[in-house]
Amino acid sequence: MCDTLRVLLNKAPRGAMTVLFCLLVAPFFRPQVIEHIGHPELYDLYFWWRVAASLVILALFLVVRCCKVFSAVAGLFALSAFIPTLLFSGRLMVWFDQFFSFSMAMVLAAIATRLWRKEFLSALCFVTSVLLVCNCCSVIMFPDGIWAPHYYFFGNRNGIFLMMLPALGSSFMLDSERRGRLPIRSILLVAVSAINLMLDTSNTSSIALVLFLIAVFLVRYKVLRQFLNGITYAVAYLVAMLLFVFCRVGDVLKPVLEGVLREDITFSGRTPVWDAILGTQDPFSALIGHGTVDYGYITIDGVTLNAHNLLLHIWYVGGLLTTVLFFGLVAYGVANLYRGRVSKRVALAAAMLGAFFIVGITEAEPYCSFYFALGIAASIQPEAIRTRAST
């Protein structure tokens, strides 16, 4: 049975595979506007769509038998967050929406990037580009927000990176294989991203966009790709995490934050959240975690928030084991990026992951976008050779 399906996948037209990947990717990018337009059946539709997509992804993994180690660790990553969720009577729906979906996004991205790179990147680019354009239109049409200030088609203004980085990253990777052609699609996506950010600014997303575009320019030069690789970006993130979250270097950078970025030294109230997260981690919860209690779990001045930091969110929810597995997934991805660092396509995948690391300093990133980027990083190859499921 698996052999028959593998043969059918090998013979499937590229267009059909691109459509399939669009259908598998789309339910992992749920616009928040559907929760606020009075049609709860749309939310249910996305839920069951994601369930169906997850079943197809699992079936695809069993058929192609590819990326086994990375996929296994991704599954353990989801399971390790499931255990404290059960122990502390957490919300299973939040676990499904986050950690289970994270694992499915990584497995899909890893398998599809290895076997159907162009088709998958085209699908990811199409889905996120459509969402990015829709979000831009909503910012123009509803400058005060749709259901609350700074909330638009996809969600809060700070969430623009969720569409922007996958759209730009996949577009530039596809363009890298079309030498000599003007990257019109990528230029238009940069313009749409800039319009979004100019109309309602998000400092974190703006910094990520600028640094990503600088990296895109620099990796044109082969000698610089030796230095701008996955390990470089991962180490930079850990150093920034240490300096900003634990050492509070923001106090020293007050003139830059307030004068240039117009940001206060608490990063818009994030430092009290970090302190609160660290304050709740007694030895038992630091080891076991709290589980997926809700989308927000720390209350500051009457407002319930998440950790506003990628690592702190994972540590708070899943404890030490989930954090260790996360480091293993990242290490797998950045090691693959390092091995293929001389390739421009691989360097662009590293730049996309690095941009997500930048956002992860001040955002928890409890969405699938980052994990799609991590799956791509773990599987992308420098050779410009199409690999089929039979390999």
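This text follows the structure it describes.
All values reported here derive from a predicted model rather than from experimental measurement.

Q: Give me the environment of lysine 344: which residues, what numbers.
A: Along the chain, lysine 344 falls in helix α16 (residues 344-359). Since its relative accessible area comes to 30%, lysine 344 is described here as partly exposed. Expressed as a C-alpha distance, the spacing of lysine 344 and arginine 225, which sit 119 residues apart in the sequence, is 7.5 Å. Those residues in contact with lysine 344 that sit more than four places away from it in its chain are Ser176, Val219, Arg220 and Arg225.

Q: So what about a nonpolar patch on the surface? Which residues, and what values?
A: There is a patch of nonpolar side chains on the surface, built from Ile140, Met141, Phe142, Ile146, Ile195, Met198 and Leu199 and spanning about 690 Å² of accessible area. Secondary structure elements with two or more residues in the nonpolar patch: α6 (117-141) and α8 (184-199). The greatest single-element share of the nonpolar patch, amounting to three residues, is contributed by α8. Examined against the element boundaries, isoleucine 140 turns out to sit in helix α6. Among the residues examined, isoleucine 140 registers a relative accessible area of 52% and is labelled exposed.

Q: Go over the packing of aromatic side chains, please, and point to the residues and values.
A: As enumerated under the stated definition, the model contains 29 aromatic pairs in all. Here the aromatic rings of phenylalanine 99 and phenylalanine 102 are separated by 5.3 Å at their centres, their planes lie at 55°, and the arrangement is tilted. Of the two residues, phenylalanine 99 and phenylalanine 102 both sit in helix α5 (residues 92-115), three residues apart, roughly one turn of that helix. Assessed through its relative accessible area of 0%, phenylalanine 99 is described here as buried. Owing to a relative accessible area of 0%, phenylalanine 102 belongs among the buried residues under this scheme. An angle of 35° between the planes, with centres 6.4 Å apart, marks the rings of phenylalanine 120 and phenylalanine 372 as tilted. Note that phenylalanine 120 is positioned in helix α6 and phenylalanine 372 in helix α17 (residues 369-379), a separation of 252 residues in sequence. An identical accessibility class is assigned to phenylalanine 120 and phenylalanine 372; each is buried. In this structure an aromatic cluster arises from ring pairing among Phe77, Phe99, Phe102, Phe161, Tyr237, Phe326, Phe327, Phe356, Phe357, Phe370 and Tyr371. The ring of tyrosine 338 carries arginine 341 above its face, with NZ or CZ at 3.9 Å from the centroid.

Q: Outline the side chain of serine 202, supporting the account with residue identities and numerical values.
A: Looking at where serine 202 falls in the secondary structure, it is placed in the loop between α8 and α9 (203-218). Given a relative accessible area of 1%, serine 202 falls into the buried group. Non-local contacts of serine 202, meaning those with residues more than four positions away in its chain, are made with Arg157, Asn158 and Leu197.

Q: Outline the packing of helix α11 (residues 230-246) against α16, supporting the account with residue identities and numerical values.
A: At their nearest, the axes of α11 and α16 sit 9 Å apart, and the two run at 5° to each other. By the angle between their axes, α11 is roughly parallel relative to α16. Where α11 abuts α16, its residues Gly230, Tyr233, Ala234 and Tyr237 lie against Ala350, Ala351, Gly354 and Phe357. Tallied by class, the residues present in the contact of α11 with α16 amount to six nonpolar, two polar and no charged.

Q: Describe the pattern of salt bridges, and please don't skip the residues or the numbers.
A: Side chains bearing opposite charge may pair, as long as their charged atoms lie close to each other. One pass over the full model with this rule turns up twelve salt bridges. Taking the shortest distance from any N to any O, the salt bridge between arginine 50 and aspartate 97 comes out at 2.9 Å. One end of the pair, arginine 50, is in helix α3 (residues 40-64); the other, aspartate 97, is in helix α5, and 47 residues separate them in sequence. The exposure class of arginine 50 is buried, given its relative accessible area of 4%. For glutamate 177, the salt bridge goes to arginine 117, with nearest N and O atoms at 3.0 Å. Highlighted residues: glutamate 177 in the loop between α7 (161-175) and α8 and arginine 117 in helix α6, separated in sequence by 60 residues. A relative accessible area of 26% means that glutamate 177 is categorised as partly exposed. Looking at arginine 117, the relative accessible area reads 10%, which means it is buried.

Q: If you had to explain the packing of helix α4 (residues 68-87) against helix α15 (residues 310-339) to someone new, which residues and values would you point to?
A: What describes two packed helices is the angle between their axes and the distance between those same axes. One can describe the packing of α4 onto α15 by two numbers: an axis separation of 9 Å at closest approach and a directional angle of 175°. If you check the angle between α4 and α15, you find them roughly antiparallel. In contact with Val69, Phe70, Val73, Ala74, Leu76, Phe77, Ser80, Ala81 and Pro84 of α4, α15 contributes Ile314, Val317, Gly318, Leu321, Thr322, Leu325, Phe326, Leu329 and Tyr332. A class-by-class count of the residues in the contact of α4 with α15 yields 15 nonpolar, three polar and no charged.

Rules of the game
- Residues numbered from 1 in each chain as written.
- Predicted model: local features only at pLDDT ≥ 70, side-chain atom pairs only at ≥ 80, totals over all residues.
- Heavy atoms only, no water.
- Helix = DSSP H or I, 4+ residues; strand = E, 2+ residues; numbered from the N terminus.
- Buried < 20%, exposed > 50% of the residue type's maximum accessible area, 1.4 Å probe, protein only.
- Contact = heavy atoms within 4.5 Å.
- Patch = residues over 30% accessible without salt bridge, like charges linked within 9 Å, V, L, I, M, F, W, Y side chains within 5 Å.
- Areas by Shrake-Rupley, 256 points an atom, 1.4 Å probe, with all protein chains shown as cover.
- Salt bridge = Lys/Arg side-chain N within 4 Å of Asp/Glu carboxyl O.
- Phe/Tyr/Trp six-rings, centres within 6.5 Å; stacked < 30°, edge-to-face > 60°.
- Lys NZ or Arg CZ within 6 Å of the ring centre and 35° of its normal.
- Axes fitted to C-alpha atoms, helices over the stretch in contact; angles between N-to-C directions.
- Parallel < 35°, antiparallel > 145°, perpendicular 65-115°, else oblique.
- Nonpolar A, V, L, I, M, F, W, Y, C, P; charged D, E, K, R; others polar.

Note that every value here comes from positions in space, so none of it alone points to a role or purpose.
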